[in-house]
Amino acid sequence: MSGKSEAILQVRGLTKHFNIAHGVFAKPQMLRAVDDASFSVNRGETLGIVGESGSGKSTLGRMLLNLIEPTSGSASFDGIELFPMNPSKEAMLRRKMQMVFQDPYASLNPRLKIGEAIAEPIRANGVLSGKKRIGERVAELLDLVGLPPEAAHSYPHEFSGGQRQRVGIARALGVSPEFIVCDEVVSALDVSIQAQILNLFAELKERLGLTYIFISHDFSVIKHVSDDIMVMYLGEIVEIAPAEKLFEDPAHPYTRALISAIPEPDVDVVTEKILLEGDMPSAVSPPSGCRFSSRCYMARGECASIHPALEACGEGHFVRCPYSRQ
Amino acid sequence: MGHESKAILTFTDYSAGYLDDEGKTVNLLDRLSFTVRSGQALGVVGESGCGKSLTGLSAVRLLSRQIVVQGGAILLGDRNILEVTEKQMQEIRGRDIAMVFQEPMTSLNPVLNVGFQVEEVLARHRPELSEAQRKEHTISLLREVGIPAPEKRVRDYPHQFSGGMRQRVMIAMAIACRPSLLIADEPTTALDVTIQAQVLELMKKLKSKGALMLITHNLGIIADVCEEIIVMYAGRIVEKADVRSVFKNPLHPYTKGLIAAIPSLRGKKKSLYSIPGMVPAARNFPEGCRFNPRCEQRMEICTTTVPPLVEIQPGHSVACHLFQGGAL
């Protein structure tokens, strides 16, 4: 990526294969969730990761937060090698890297008041101690995410989806992180609430100088929030480009199909739809050669046998398809 | 719009509510009037809690027992379905009107193969067909909705199908008897975008053979598939028009807000417009215009008087006090 600002996160060949074989004596059966992912994120920028279910985008995000242990590969954050992880390193990194999830209701203890839920990570990570100081910090965080101070005394069920997502964000911000992975954070919300939350993320980025990885299946959300966009298909990065560039001049046939498939709320936009045949194949036995070859409308004979590499095709623009420019 | 094609489904001042714990009726749907015409798709849009699904379920009379109809009529052709018996309704459902839901896995029986489930609809409504004819017809239906190798897939069970394929099976069941109206409630919300595009293509093909009522929160889908649109807020229709008018010239502040809140693929919006607040629960619906607490153009009258749905331009109606003079 173009080099004005420094890369805060560098990922090299990160891979996760899950063994999904049942039983002790069963032959190992590997689900290749993420294969050989390499990319970097610059400080203060947002990398959007877009892909359909099963593309590996969430697994990738979770590996960076050490919620899933990678099979191989390496990554560094602010000069610190992430793997192998050890408890003291993890404690230190937790204060720098945080995550916000899709369903804040599932990640909030229903018996814990909101104030307690927000205080928990602050206490657990040893950021502050003393009831009064933590209480003040909680009030500050509630204000930061646009909730009234009284919210501290309510329970999660008293809140709407949008408000719960604000609580989820406040919890992540408690340790004053530099970097947040946002995994489908607006997918469960109605469009007017989604706009409120997206604006909040933008405002926080500006005010606190945060760096984000934004994971979503929704291309218009990703386009709105990202500086760079990474498209994943069946565990692999198929294209990375600056956001505007990716949308104006998508190189990979999959990216083009994905963009053309988005129904746009504009009656004057007549896009030539590229309809893909069939479904995404299983990540247990992905197609040989190019993984998209089984559904690609541009596939040729070689595509089923030769696995293409991710190659530069413009400034900050990388694509995994040798024929994309023909 | 005009009179080009015949009315398939007409709601006239239809109202419904639910009985609360104290036995009082709380209004949910307030005097809905709209028409679905043959060969067309009517899009019903609004956020969660606006009454879209309840409107769809009303048309097939699949309402839970707490729901009470408070008035109005729902005409299917020239028959008021609020007046037919449950037995007659069972004949109508599946034959004249059918519905597809968001999550196909919960609507399919996991222990029966999909061929059996499609055949069941035919056995119920087309007793004149022999078993062999039913089997043959099932295969051709599955082929029509785009399931590859249907002669093999009929023996498969729902769990052996992907989400998109299951939704196709549901659609095959719904169209088995060529109903004059198909109601689809968020049919692609659980699907990936490339699969959604496939299912929407199928929907477009189907509407030309009958009529479609498409319930969705996604305005993009409406722009892609529908001719007419009704925008619902808190159980009322706030705007009703042909799709082009609504997107080009939205009148109601809620419609404007909904459109402005969507992140755009084209051009760069720095910050998204967001409608303040959220949809209230039915028992807290405010007096006057139900949108008034969230409206940035609220006037005195909005908090006291319900704005009627008024036709401002031919085919374009809006329920908002800003337009009560009829002027734009």
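What to know about the overall build of chain B
Working step 1: Counting its secondary structure elements, chain B contains 11 helices and 12 strands.
Working step 2: In summary, chain B has a C-alpha radius of gyration of 21 Å against a globular reference of 20 Å for 328 residues, a match within 12%.
Working step 3: Principal axes of the C-alpha set define a box for chain B whose edges measure 65 × 50 × 45 Å.

Quick look at the confidence of the model for chain B
Working step 1: Scored by pLDDT, chain B has a mean of 92; 97% of the residues are at 70 or more.
Working step 2: For this predicted complex, the interface confidence reaches an ipTM of 0.85, while the overall pTM sits at 0.90.

Regarding the nonpolar core
Working step 1: Residues B:A172, B:M213, B:L214 and B:V238 are the most contacted members of the largest nonpolar core, which totals 184 residues.
Working step 2: Setting aside chain neighbours within four positions, we find B:L214 in contact with B:A41, B:G43, B:V44, B:A184, B:M203, B:V225 and B:C226.

Describing the interface of chain B and chain A
Working step 1: Between chain B and chain A, the contact holds 39 residues from the first and 33 residues from the second.
Working step 2: Sorting the residues of the side of chain B that touches chain A by element identifies helix 8 (193-207), helix 9 (219-225), helix 10 (243-248) and helix 11 (253-260) of chain B as the ones contributing at least two each.
Working step 3: For the side of chain B that touches chain A, the class distribution of residues is 19 nonpolar, 13 polar and seven charged.

Notes on the pairing of strand 6 (residues 97-100) of chain A
All names here are of chain A.
Working step 1: Side-chain alternation along strand 6 places M97 and M99 on one buried face and Q98 and V100 on a second face that is also buried.
Working step 2: Taken together, the four bridges between strand 6 and strand 7 (residues 179-183) define a ladder with parallel strand orientation. Following the sheet pairing, M97 is matched in strand 7 by F179.

Thoughts on the sheet that holds strand 1 (residues 7-19) of chain A
All names here are of chain A.
Working step 1: Reading across from one edge, 2-1-4-5 is the order of the four strands in this open sheet, with antiparallel pairing throughout. A single partner strand is all that each edge strand has here, and the edge strands are strand 2 (30-42) and strand 5 (80-81).
Working step 2: In terms of strand pairing, strand 4 (residues 72-77) meets strand 5 through two bridges, oriented antiparallel. Paired with S76 across the strands is E81, a residue of strand 5.

Quick notes on helix 4 (residues 131-144) of chain A
All names here are of chain A.
Working step 1: Across its 14 residues, helix 4 extends 20 Å between first and last C-alpha, which sits within 8% of the 20 Å expected from 1.5 Å per residue.
Working step 2: The inward-facing, buried residues of helix 4 contact helix 3 (114-124) and helix 5 (161-173).
Working step 3: Positive backbone phi, approximately 80°, marks G146, located one or two places after helix 4.

Examining helix 9 (residues 253-260) of chain A
Working step 1: Extensive coverage of helix 9 of chain A is indicated by the burial of six of its eight residues.
Working step 2: Every buried residue belonging to helix 9 of chain A is among A:P253, A:Y254, A:T255, A:A257, A:L258 and A:I259, and all of these are buried.
Working step 3: The elements touched by buried residues of helix 9 of chain A are helix 7 (219-225), strand 9 (228-233), strand 10 (236-242) and helix 8 (243-248) of chain A together with helix 8 of chain B.

Things to note about the pairing of strand 9 (residues 228-233) of chain B
Residues and elements named next belong to chain B.
Working step 1: Burial within strand 9 is extensive, with six of its six residues counted as buried.
Working step 2: Burial along strand 9 is two-sided: the residues E228, I230 and M232 and I229, V231 and Y233 are all buried.
Working step 3: Bridge count between strand 3 (residues 41-45) and strand 9: four bridges; the pairing is parallel. Within strand 9, the residue paired with L42 across the bridge is E228.
Working step 4: Strand direction decides the pairing type here: strand 9 and strand 10 (residues 236-242), joined by six bridges, are antiparallel. Note that in strand 10 the partner of E228 across the bridge is D242.
Working step 5: Where strand 9 folds back onto strand 10 in an antiparallel hairpin, the turn is made up of two residues, including A234, whose phi is positive at roughly 45°.

Considering unusual backbone geometry
Across residues other than glycine, the phi torsion is negative in most instances, and most of the peptide bonds are trans.
All names here are of chain A.
Working step 1: In this structure, the amide linkage connecting F83 to the following residue, P84, adopts the cis form with an omega of -5°.
Working step 2: Checked against the element boundaries, P84 lands in the loop between strand 5 and helix 2 (87-94).
Working step 3: Residue E184 is not a glycine yet carries a positive backbone phi of 50°.
Working step 4: Tracing the sequence through the fold places E184 in the loop between strand 7 and helix 6 (191-208).
Working step 5: Its 19 C-beta neighbours within 10 Å are what place E184 among the partly exposed residues.

As for the environment of B:E227
All names here are of chain B.
Working step 1: Here E227 lies in the loop between helix 9 and strand 9.
Working step 2: Along the backbone, E227 and N249 are 22 residues apart, and their C-alpha atoms lie at a distance of 15 Å.
Working step 3: The residues contacting E227, other than those within four sequence positions of it, are Q40, A41, D242 and V243.

Description of the sheet that holds strand 9 of chain A
Residue and element names in this part refer to chain A.
Working step 1: One open sheet accounts for eight strands, arranged 6-7-8-3-9-10-12-11; its pairing is mixed. Each edge of the sheet is formed by a strand with only one pairing partner; in this case those strands are strand 6 and strand 11 (311-314). For this sheet, the mean angle separating the axes of adjacent strands, direction not counted, is 20°.
Working step 2: The pairing of strand 10 with strand 12 (residues 317-319) spans two bridges and is antiparallel. Paired with E239 across the bridge in strand 12 is V319.
Working step 3: The sheet contacts of helix 9 involve strand 9 and strand 10, and relative to strand 9 the element is tilted by about 100°.

Section: the packing of helix 3 of chain A against helix 5 of chain A
Residues and elements named next belong to chain A.
Working step 1: Axis separation between helix 3 and helix 5 bottoms out at 7 Å; the angle between their running directions is 30°. With respect to helix 5, the element helix 3 is oriented roughly parallel. Considering how the two elements wind past one another, helix 3 and helix 5 form a crossing that is right-handed. Contacts between helix 3 and helix 5 involve I114, A117, I118 and P121 from the former and V167, A170 and R171 from the latter.
Working step 2: Among the residues making up the contact of helix 3 with helix 5, the classes are represented as six nonpolar, no polar and one charged.

Definitions and limits used
- Residues numbered from 1 in each chain as written.
- Chains lettered and ligands numbered in written order.
- Predicted model: local features only at pLDDT ≥ 70, side-chain atom pairs only at ≥ 80, totals over all residues.
- Helix = DSSP H or I, 4+ residues; strand = E, 2+ residues; numbered from the N terminus.
- Rg over C-alpha atoms; globule rule 2.2 N^0.38 Å.
- pLDDT = per-residue confidence, 0-100.
- Core = buried A, V, L, I, M, F, W, Y, C linked by C-beta atoms within 7 Å.
- Buried ≥ 20, exposed ≤ 12 C-beta atoms within 10 Å, placed from the backbone.
- Contact = placed C-beta atoms within 7 Å.
- Nonpolar A, V, L, I, M, F, W, Y, C, P; charged D, E, K, R; others polar.
- Pairing = 2+ DSSP bridges.
- Expected span 1.5 Å × (residues − 1).
- Axes fitted to C-alpha atoms, helices over the stretch in contact; angles between N-to-C directions.
- Parallel < 35°, antiparallel > 145°, perpendicular 65-115°, else oblique.
- Left-handed = near helix turned anticlockwise from the far one by under 90°.

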